[in-house]
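Here's the letter readout for the chains.
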Amino acid sequence: SFRDIGFGTTDDTTLVLQGGGSSGVTAGNIELVRNGNINIDGTNINLRAADASSTFATINSSGATVTGTLQAEANNTSSDGLVSIQQSGTGDASINFALVGTKGYSIGIDNSDSNKFKISSSETIGTNDILEIDTSNNATLNGDLTLTKSVGDTKLFIEADSDNNVEGDNAFLIYKLDGGVETA
């Protein structure tokens, strides 16, 4: 039976669709080569250097691994984000940042805590939360807030009436110690 389709040489544009294990290509492979290498082996999609000496991205059912810099770039008039992090299940929609073996942070939506947007001092969202914003846009900062400016005065504005209608709204700065009495 006919199982191999190919054209070109290793020094030229190459397309190999492989149904069997002949010619050194794993069964089920698709190889596309031209100043780069895309390999689909039935389990992974691998993006490789032109000479296939190194893999810089692997995509499979567990996710994607990128070695090197990942860049999202567009040149259009769209107001949509270039990166979208979505969760269809009960997990969190988040991004983790880590200096391996040193420190990690995460940012995202904590599905298990009323869908709050959080920045956490941990690689797990919802652990050691620094900032929480609930679905009503109320923010909680867990830690110290330092306002600094290198030149001139530092200002803190508190506005109770952002729509600029005179409704008798008042801006309060409330000091509270360990759940004690509030004073305005």
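Here the residue index of a chain counts from 1 through its sequence in written order. Per-residue local features of the predicted model are confined to residues with pLDDT of at least 70, and side-chain atom pairs are confined, for both listing and counting, to 80 or more; whole-chain, interface and lining totals are unaffected and use all residues. Here the side-chain values reflect all heavy atoms present in the structure, with hydrogen atoms and water set aside.

Here we look at the pattern of salt bridges
Then comes step 1: When a carboxyl oxygen of Asp or Glu lies within 4 Å of a side-chain nitrogen of Lys or Arg, that pair is called a salt bridge. In this structure the tally under the stated criterion is five salt bridges.
Then comes step 2: Of the charged contacts in the structure, one is a salt bridge between Lys-118 and Asp-113, with a shortest N-O distance of 2.8 Å.
Then comes step 3: As a salt-bridge pair, Glu-132 and Lys-116 come within 3.6 Å of each other at their nearest N and O atoms. Remark: Lys-116 occurs in strand S10 (residues 116–120) and Glu-132 occurs in strand S11 (residues 129–133); sequence separation between them is 16 residues. Strands here mean DSSP runs of E at least two residues long; helices mean DSSP runs of H or I at least four residues long; both are numbered from the N terminus.

With respect to unusual backbone geometry
Then comes step 1: Phi angles above zero are rare outside glycine, and Ser-114 is one such case at about 55 degrees.
Then comes step 2: Positionally, Ser-114 belongs in the loop between strand S9 (103–110) and S10.
Then comes step 3: Not every positive phi belongs to a glycine, and Asn-115 is a case in point at roughly 60 degrees.
Then comes step 4: Tracing the sequence through the fold places Asn-115 in the loop between S9 and S10.

Some details on the pairing of strand S6 (residues 55–60)
Then comes step 1: As paired strands, strand S5 (residues 45–48) and S6 are joined by four bridges and run antiparallel to one another. Paired with Asn-46 across the bridge in S6 is Thr-58.
Then comes step 2: DSSP-based pairing: two strands are paired if at least 2 bridges between them are found. Where S6 meets strand S7 (residues 63–66), four bridges bridge the pair, whose relative direction is antiparallel. Pairing of Ile-59 across the sheet is with Ala-64, part of S7.
Then comes step 3: Taking the residues that link successive antiparallel strands as the turn, the S6-S7 hairpin has two residues.

Things to note about the environment of Ser-94
Then comes step 1: Mapped onto the elements, Ser-94 comes out in strand S8 (residues 93–99).
Then comes step 2: Exposure categories follow from relative accessible area, calculated using a 1.4 Å probe and restricted to protein chains: below 20% of the type maximum is buried, above 50% is exposed, and the middle band is partly exposed. Classification of Ser-94 as partly exposed rests on a relative accessible area of 25%.
Then comes step 3: Residues Ser-94 and Lys-118, 24 residues apart in the sequence, show an inter-C-alpha distance of 9.0 Å.
Then comes step 4: Discounting chain neighbours no more than four positions away, the residues touching Ser-94 are Ile-85, Ile-107, Gly-108 and Ile-125. By definition in these notes, contact holds between two residues if any of their heavy atoms fall within 4.5 Å.

Structural notes on the environment of Ile-95
Then comes step 1: For Ile-95, the location among the structural elements is in strand S8.
Then comes step 2: Residue classification places Ile-95 among the partly exposed residues on the basis of a relative accessible area of 34%.
Then comes step 3: Ile-95 sits 29 residues away from Thr-124 along the chain, and the two C-alpha atoms are 9.1 Å apart.

Focus: the side chain of Asp-110
Then comes step 1: Structurally, Asp-110 can be placed in strand S9.
Then comes step 2: N or O atoms within 3.5 Å of each other form a polar contact, as long as, within protein, one can give a hydrogen and the other can take it, and as long as residues adjacent in sequence are counted only when both atoms are side-chain atoms. One polar contact links Asp-110 to Ser-112, side chain to side chain, over a distance of 2.8 Å.
Then comes step 3: The residues touching Asp-110, leaving out its near neighbours within four places in the chain, are Asp-92, Asn-115, Lys-116, Lys-118, Ile-125 and Gly-126.

A few points about the sheet that holds S8
Then comes step 1: Read from one edge of the open sheet, five strands run S8-S9-S10-S11-S12, paired in antiparallel fashion. Taken across any chain shown, the strands that pair with only one partner, and hence form the sheet edges, are S8 and strand S12 (139–141). Sheet twist, expressed as the average angle between the axes of neighbouring strands with direction ignored, equals 10 degrees.
Then comes step 2: Both S11 and S12 contribute to a ladder of three bridges, which runs antiparallel. Paired with Leu-131 across the strands is Leu-141, a residue of S12. Axes here mean lines fitted to C-alpha atoms, for a helix over just the part in contact, with angles spanning 0 to 180 degrees between N-to-C directions.

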